[in-house]
Amino acid sequence: MEQAIPPTGEEVRCEDATLLYMEPRPRSTGIARAMNITIALIALILISPVMLVFAVLVKLTSPGPIFYSQPRVGIDRRRSSAASKTYDPRTADLGGIPFMIYKFRTMRVGAEQRNSAVWATRGDARVTPIGGLMRKLRIDELPQLFNVIKGDMDIVGPRPERPSIFSRLRQLIADYPVRQRTRPGITGWAQINQCYDTCLDDVRRKVRYDLEYLLQRQGIREDLRIMAKTLAVMLRKGGW
C-alpha cells in the first residue's frame, strides 16, 4: 500500500516559535569536517567487499542501474552566519542547497513514474526482493558515504528530504526548516530513536529529535556516540 503525503491545507503548528531564531549548538566545524571525511574513507575501505556483493546482487536480480540518485535538500546557508556572506541572497529559497543523494537501488525501475512522492510502507510492492533485504539491513544507505566525502552530508545529522516533500512539510510544520541549519546526515538522533516515516505525526516526532540534536546535543563526542548506537540499531534490525 502507498500512502500519499497530505496536501498543505492543515494549520501550521509550532510548539516553540523561538526555535526559529535559536542558533545551533556550537562545535568546531573544521575538526568535525575532518572527522567525517576520515571516518567515511575508512568505512568505505572496510565495507567495500560488502558493497561489491550487493552491487552484483542488485544487477542480477532486477533490470536497471545498480545505484539510484535523487535530489534532496541540504544545509540552508542563508541561515548560517559562517557562510551567509558568500551566499547569494538573490537565488531561489528552496529551504537549503539541493544535492543528489546516492543509494543502492531498492525499487524496480519506473516505480514512481505514475505516483507523486509517497512515504514508504510495510510490504511496499515497488521494492525488489534484494531491495527489501538491503533496506532492512540499511545496506542501501552505504553509498551516501560518497556524499559525506563530497561535503553534501555528514555522517550524523537530520535526514535530507526530497524538494517536493520538503516544500510541503515546511508549510505543515513551522519549525521544520530549522533542521536545515546543519548538514544532513546518514544517521542521526531521530533515526536511531524512530523508524521510517509513515505519516505526518511520525515526521513531527522526528523533527523534535532533530531539534534536540541541533540545539542541545550536536558535537563530536555526541556524533561518535550516535554512530555507535547506529551500529547497535542495525544489528538488532530495528529503529532507523
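In this report, the structure presented in the accompanying data block is examined. If you're wondering where the values come from, they're calculated on a predicted model, not measured in any experiment.

About the criteria used
Residues numbered from 1 in each chain as written. Predicted model: local features only at pLDDT ≥ 70, side-chain atom pairs only at ≥ 80, totals over all residues. Heavy atoms only, no water. Salt bridge = Lys/Arg side-chain N within 4 Å of Asp/Glu carboxyl O. Helix = DSSP H or I, 4+ residues; strand = E, 2+ residues; numbered from the N terminus. Buried < 20%, exposed > 50% of the residue type's maximum accessible area, 1.4 Å probe, protein only. Axes fitted to C-alpha atoms, helices over the stretch in contact; angles between N-to-C directions. Parallel < 35°, antiparallel > 145°, perpendicular 65-115°, else oblique. Contact = heavy atoms within 4.5 Å. Nonpolar A, V, L, I, M, F, W, Y, C, P; charged D, E, K, R; others polar. Arc of directions from axis to C-beta. Phe/Tyr/Trp six-rings, centres within 6.5 Å; stacked < 30°, edge-to-face > 60°. Lys NZ or Arg CZ within 6 Å of the ring centre and 35° of its normal.

**Points about the pattern of salt bridges**
Evaluation of the coordinates by the stated rule reveals eleven salt bridges. Here Asp 210 makes a salt bridge to Arg 179, at a shortest N to O gap of 2.8 Å. Taken as a pair, Asp 210 in helix H6 (residues 200-217) and Arg 179 in the loop between helix H4 (163-172) and strand E6 (185-187) lie far apart in primary sequence, 31 residues in all. The burial state of Asp 210 is the same as that of Arg 179; both residues are buried. With a shortest N-O distance of 3.1 Å, Glu 222 and Arg 217 are connected by a salt bridge. Given a relative accessible area of 13%, Glu 222 falls into the buried group. Each member of the salt-bridge network shares a partner with another, and the members are Glu 212, Arg 217, Glu 222 and Arg 225.

**Section: the packing of helix H1 (residues 29-61) against helix H2 (residues 129-137)**
With their axes 9 Å apart at the nearest point, H1 and H2 run at an angle of 150° to one another. In terms of their interaxial angle, H1 and H2 are classed as roughly antiparallel. Between H1 and H2, the residues in contact are Phe 54, Leu 57, Val 58 and Thr 61 and Ile 130, Leu 133 and Met 134, respectively. Within the contact of H1 with H2, the residues separate by chemical class into six nonpolar, one polar and no charged.

**Quick word on H2**
All of the buried residues along H2 are Ile 130, Gly 131, Met 134 and Arg 135. Looking straight down H2, one finds its buried side chains confined to an arc of 140°; they lie on one side. Buried residues belonging to H2 abut H1 and strand E3 (98-104). Downstream of H2 by a residue or two, Arg 138 has a phi angle that is positive, lying close to 65°.

**Some thoughts on the packing of aromatic side chains**
Under the counting rule described, the total for this entry stands at two aromatic pairs. Aromatic pair Phe 67 and Phe 104: ring centres 5.1 Å apart, planes at 20°, arrangement stacked. Within this pair, whereas Phe 67 is found in strand E2 (residues 67-73), its partner Phe 104 is found in strand E3, the two being separated by 37 residues in sequence. Given a relative accessible area of 45%, Phe 67 falls into the partly exposed group. With a relative accessible area of 2%, Phe 104 lands in the buried category. When the ring centre of Trp 189 is taken as reference, the NZ or CZ atom of Arg 217 above it lies at 3.8 Å.

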